[in-house]
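Coordinates in review
In case you want the letters, here they are:
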Amino acid sequence: MRRRRFPILRLGTALPTLTFPILVAAQGKTIQLAWTTDARHGLGDGKYAYGPDGPWQALAVSVGTTNSTFPTNLDLSSPFTNNPNFIPRSGFYTGAFVPLYPSGGGLSILLASQSSQNQTTEELYNPSLSPSANRFGTQMGNADDWQSWTAVNEDSWGEGIFDLVTLGDKLDIAPDDGHGGGYFFANATLNSLERFNVLLPDGRKYMPPVGILGLGIPSRGFNGAPNDPEPGGILLGLKREGKIGYAGFGMHLGSVAYNQPGSLILGGYEKNRVLGEVGIFRWDSEDVPYMFLLDVQLGVQSEKSGFSFETGGSSIWAGPTDNEDKDAENLRKRLGAKEGAAVVVPNPGAPYIYLPKGTCEAAAKRLPVRLNESLGLYIWDREDSRYESIMRSSAYMSFVLADRSAKNVTIKVPFQLLNLTLEAPLVDEPTPYFPCQSLEADYGFWTLGRAFLQAAFLGVDLERNQTYLAQAPGPRMEQSIVRNFVSVENGGDSAGLESNNIGEFESSWSGVWLTSEETGKPAADVDGSTGLSAGAIAGILVGVAAGVAMLGFIVWMLKKRSRKDDRTAPPKEKIADDNRGEWSSSPKVRAEMDTERDVSELGVPTAHEMESPGIVHEAPDMKREYVELPADVPLVKKD
């Protein structure tokens, strides 16, 4: 049965105009795989992105062959790409175009058509119509080696097949008809799914539009084509054929919403996608890239941010509860993680960020979101003033992980990347959502899916059995320079990844992150009010307290001086006031400092002494000056 198509987001319609990096090919044997959003791969002019929980960009892959591209005399008992008789007679589209998310697992998973219609290039693979397909008779569900099915509530069933996949190097594909020379054919182990559904909490189900491209070594004894003495898998096969120099890849998913292209380099990585410290993580014996998550925080990158999370971050980590998550406790202890840590797996095959119960809930209490129980997801409240403040600020959700040497690596995911969109059939109209979901770890670990990998660089090293993780830049990243992985012979136990300065993280979000001064609006705090930040309010309170204390001191000094003057002043004599005909005070006039200058602190009115023309100032230690009246002023004696 042919599956229905999901809404396709057309890029460039209402997206920010951001500059793409200039691609510079480095010397060495690497392949830069083409994405569905790349304009040079010939598939839809780079306008394909996928939901219903994205938008996401996927790899542009061709699966299988057609009668016009596949020789009838090919010996199916040997690896196809090693057979000299196999010479494809067309370019990239030797079979069906199937969008796939990259994975370090060895099994590729895709929905297949079981109809007898002719093979098409419209996202469905039909093994019955691919002359190069070789069924090996195993029936299975979703057997993703990185176990995305533990996070995604999935109902799937399919058939194991060996077939060809065709990969395109986006730097070497002709821009006109997609039939350039930059195409590479590889043997792949496929799980051709007849049924592929995701089950929702309310009982509904839907078919995901994108599968998984397994670049690693297949497990379960699926080692490639029959009678192939070498281990199977796309990366090892390409290295064996001399197409790439190293069995590994560097990946950054990028962002469709912010026009940041994806990056996947077979045999190497893009240096500009790697910022700051690089964490190195050992694989488990199951070839699963387990990592140790220590903390999750909310924070802002800049003190001038338009939102008042704490600069540097404040923890919302609930952590796993060993009493409730026995599987998680057992796996944590087996792998040697510290108490309180959670074992996680970064996996592009899952959409959300799946965490122990309590962490997403703690984040939701500080964000303008509400829980949609039928979907199990948090929906952004666009009517809340904090929503706009967060989306224009440098606010982020950060993840602290410990690598093999117990070194902490922090990945900051800006909230702009956590403002994704739900589409049909999940909702009736596009709805922004926060992709954080609580999960019971039935298999002992949690998953950091595509939402997380928009902001993280992930490297997979099959020759050393380890992964690399680092901060990835925002959309205004530096120029791309491709680097090769360092061989085991030359690099020891590390592939020698180079990185750019971590300071580029903030600059790569320039033009997206705005300060309160740039927007002309005050910062909003986590309680929903707008106005001054907590730091500014604290400063004002301190200033007011100091002002009140100073005012009290001034009043006390004035009263003290007044009493002292009354005791030391000479006897009063009455003088005639020519203007008023009334009695005046002493003929001696006290003029402290300059009588024409008023001193007023914190709004306190100027203090005067009776009818004296002099102004009383606050300097108590000033010397008093006595001025005698002119001689022509007559003294008037009291009768």
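Residues numbered from 1 in each chain as written. Predicted model: local features only at pLDDT ≥ 70, side-chain atom pairs only at ≥ 80, totals over all residues. Heavy atoms only, no water.

What about the overall build of the chain?
For clarity, the threshold we go by: Secondary structure counts use DSSP, requiring at least four H or I residues in a row for a helix and at least two E residues in a row for a strand, with both numbered from the N terminus. Only protein chains enter the accessibility calculation, which uses a 1.4 Å probe; a residue whose area is less than 20% of its type maximum is buried, one above 50% is exposed, and one in between is partly exposed. The contact criterion used throughout is that any non-hydrogen atoms of two residues lie within 4.5 Å. Residue-level accessible areas treat just the shown protein chains as cover; the underlying method is Shrake-Rupley with a 1.4 Å probe.
The helix and strand inventory of the chain stands at nine helices and 31 strands. Residues classed as buried in the chain amount to 54% of the 639 residues present. When contacts within the chain are restricted to residue pairs at least 6 apart in sequence, those whose partners lie at least 24 apart make up 72%. Accessible surface, the chain: about 28,600 Å² in total, of which carbon and sulfur atoms supply 50%.

Thoughts on the pattern of salt bridges
Pairs may arise between side chains of opposite charge once their charged atoms sit close together. Note the threshold: For salt bridges, the criterion is a side-chain nitrogen of Lys or Arg within 4 Å of an Asp or Glu carboxyl oxygen.
Overall, the coordinates contain 14 salt bridges when judged by the stated rule. For Lys326, the salt bridge goes to Glu329, with nearest N and O atoms at 3.5 Å. Linking Lys326 with Glu329, this pair stays in helix H2 (residues 326–335), spanning three residues, or about one helical turn. In this structure Lys326 comes out as partly exposed when scored by relative accessible area, which is 46%. The class for Glu329 is buried, based on a relative accessible area of 11%. Taking the shortest distance from any N to any O, the salt bridge between Arg483 and Glu498 comes out at 3.5 Å.

Notes on the packing of aromatic side chains
Heads up, the rule is: Only Phe, Tyr and Trp rings are paired, with Trp represented by its six-membered ring, and only when their centres lie within 6.5 Å; those with planes under 30 degrees apart are stacked, over 60 edge-to-face, the remainder tilted. In our convention, an over-ring charge means Lys NZ or Arg CZ found within 6 Å of a ring centre and within 35 degrees of that ring's normal.
Applying the stated criterion to the full structure yields 18 aromatic pairs. Between Tyr258 and Trp509 the ring centres are 5.8 Å apart and the planes differ by 75°, which places this aromatic pair in the edge-to-face class. One end of the pair, Tyr258, is in the loop between strand E11 (248–252) and strand E12 (263–266); the other, Trp509, is in the loop between helix H7 (504–507) and helix H8 (516–519), and 251 residues separate them in sequence. Note on accessibility: Tyr258 and Trp509 belong to one class, buried. With 5.8 Å between their ring centres and 55° between their planes, Trp380 and Tyr387 make a pair best called tilted. Like Trp380, the residue Tyr387 is buried in the burial classification. The ring of Trp56 is capped by Arg450, whose NZ or CZ atom sits 4.8 Å from the centre of that ring. If you follow Arg450 out to its NZ or CZ, it ends over the ring of Tyr101, 4.0 Å from the centre.

Considerations on the sheet that holds strand E24 (residues 431–434)
Under the convention used in this document: DSSP bridges decide pairing: two strands pair if at least two such bridges lie between them. To get an axis, fit a line to the C-alpha atoms, keeping to the stretch in contact for a helix; angles then go from 0 to 180 degrees between the N-to-C directions.
With respect to topology, four strands assemble into an open sheet ordered E19-E20-E24-E23, the strand pairing being antiparallel. Unpaired on one side and paired on the other, strand E19 (369–372) and strand E23 (420–422) mark the two borders of the sheet. Between one strand and the next, the sheet's axes are offset by a mean angle of 50°, whatever the strand orientation. In this sheet, E24 lies alongside E23 in antiparallel orientation, the contact comprising three bridges. Bridge assignment links Leu422 to a residue of E24, and that residue is Thr431.

Examining the pairing of strand E22 (residues 408–414)
By the bridge criterion, seven bridges tie strand E21 (residues 395–402) to E22 in an arrangement that is antiparallel. Among the inter-strand pairings, Phe399 is bridged to a residue of E22, identified as Ile411.

Some remarks on the nonpolar core
Let me state the cut-off plainly: Among the buried residues, those of types Ala, Val, Leu, Ile, Met, Phe, Trp, Tyr and Cys that are joined through side-chain atoms within 4.5 Å form a nonpolar core.
Counting residues in hydrophobic clusters, the biggest one holds 113 residues, and the most contacted among them are Leu266, Met397, Phe415 and Phe434. Beyond its immediate stretch of four places on either side in the chain, Phe434 contacts Ala363, Leu367, Val369, Tyr378, Trp380, Met397, Phe415 and Leu418.

Considering unusual backbone geometry
Following Gly51, the chain continues into Pro52 via a peptide bond in cis, with omega recorded as 5°. On the secondary structure map, Pro52 appears in the loop between strand E2 (31–32) and strand E3 (59–63). Residue Pro55 is reached from Gly54 by a cis peptide bond, and omega for that bond is 15°. Structurally, the position occupied by Pro55 is in the loop between E2 and E3. Here the phi dihedral of Gln147 falls at roughly 60°; this positive angle occurs in a residue that is not glycine. Within the secondary structure, Gln147 is located in the loop between strand E6 (134–140) and strand E7 (154–168). A relative accessible area of 12% places Gln147 in the buried class.

Some remarks on the sheet that holds strand E14 (residues 275–282)
Within the open sheet, the six strands sit side by side as E2-E12-E11-E27-E28-E14. Their pairing is antiparallel. Edge positions in the sheet fall to E2 and E14, since each of these pairs with one other strand and no more. Of the pairings in the sheet, the one linking strand E27 (residues 456–461) to strand E28 (residues 466–471) comprises six bridges and is antiparallel in character. Its bridge partner being in E28, Leu458 is matched across the sheet by Leu469.

With respect to H2
For H2, the full list of buried residues reads Ala328, Glu329, Leu331 and Arg332. In this fold, the buried residues of H2 make contact with strand E17 (342–346) and strand E26 (446–448). Phi turns positive, to about 85°, at Gly336, one or two residues after H2.

A few points about the layout of surface pockets
In plain terms, the rule: Cavities and pockets were defined on a 1 Å grid built from protein atoms only: a cavity is a group of points that admits a 1.4 Å probe but offers it no way out, a pocket is an open group of points flanked by protein on both sides within 12 Å along at least five of seven lines, and a lining residue is one with an atom within 4 Å of any such point. Grid points are joined across faces, edges and corners, and a volume is the space filled by probe spheres set on the points. Gly is put with the polar residues, along with every residue not named as nonpolar or charged; the nonpolar set is Ala, Val, Leu, Ile, Met, Phe, Trp, Tyr, Cys and Pro, and the charged set is Asp, Glu, Lys and Arg.
Quantified by volume, the second largest pocket comes out at close to 660 Å³. Every residue lining the second largest pocket is counted, 39 residues in all, and those nearest its centre are Ala151, Val152, Tyr352, Tyr354 and Gln437. The set of elements that each furnish at least two residues to the lining of the second largest pocket consists of strand E8 (183–199), strand E10 (211–214), helix H3 (359–364), strand E20 (377–380) and strand E25 (436–438). Class assignment for the residues of the lining of the second largest pocket results in 26 nonpolar, nine polar and four charged.

Digging into the confidence of the model for the chain
Applicable threshold: Confidence of the prediction at every residue is given by pLDDT, a number between 0 and 100.
A residue-level look at the chain finds 64% of positions with pLDDT of 70 or above and a mean pLDDT of 75. In the predicted structure, residues 41–45 sits below a pLDDT of 50 and forms 18 contacts with residues beyond four places in sequence or in another chain. Scored below 50 in pLDDT, residues 174–180 makes twelve contacts in the model with residues more than four places away or belonging to other chains.

Notes on the state of the cysteines
This is how it is decided: Cysteine sulfur atoms that come within 2.5 Å of each other are treated as a disulfide pair.
Within this structure, the stated rule accounts for one disulfide. One disulfide in the model links Cys360 with Cys436; its S-S distance is 2.0 Å. When the S-S torsion is -80°, as for the bridge of Cys360 with Cys436, the disulfide is left-handed. Here the residue Cys360 occupies a position in helix H3, and Cys436 occupies one in strand E25, the gap between them amounting to 76 residues. Each member of the pair, Cys360 together with Cys436, is buried.

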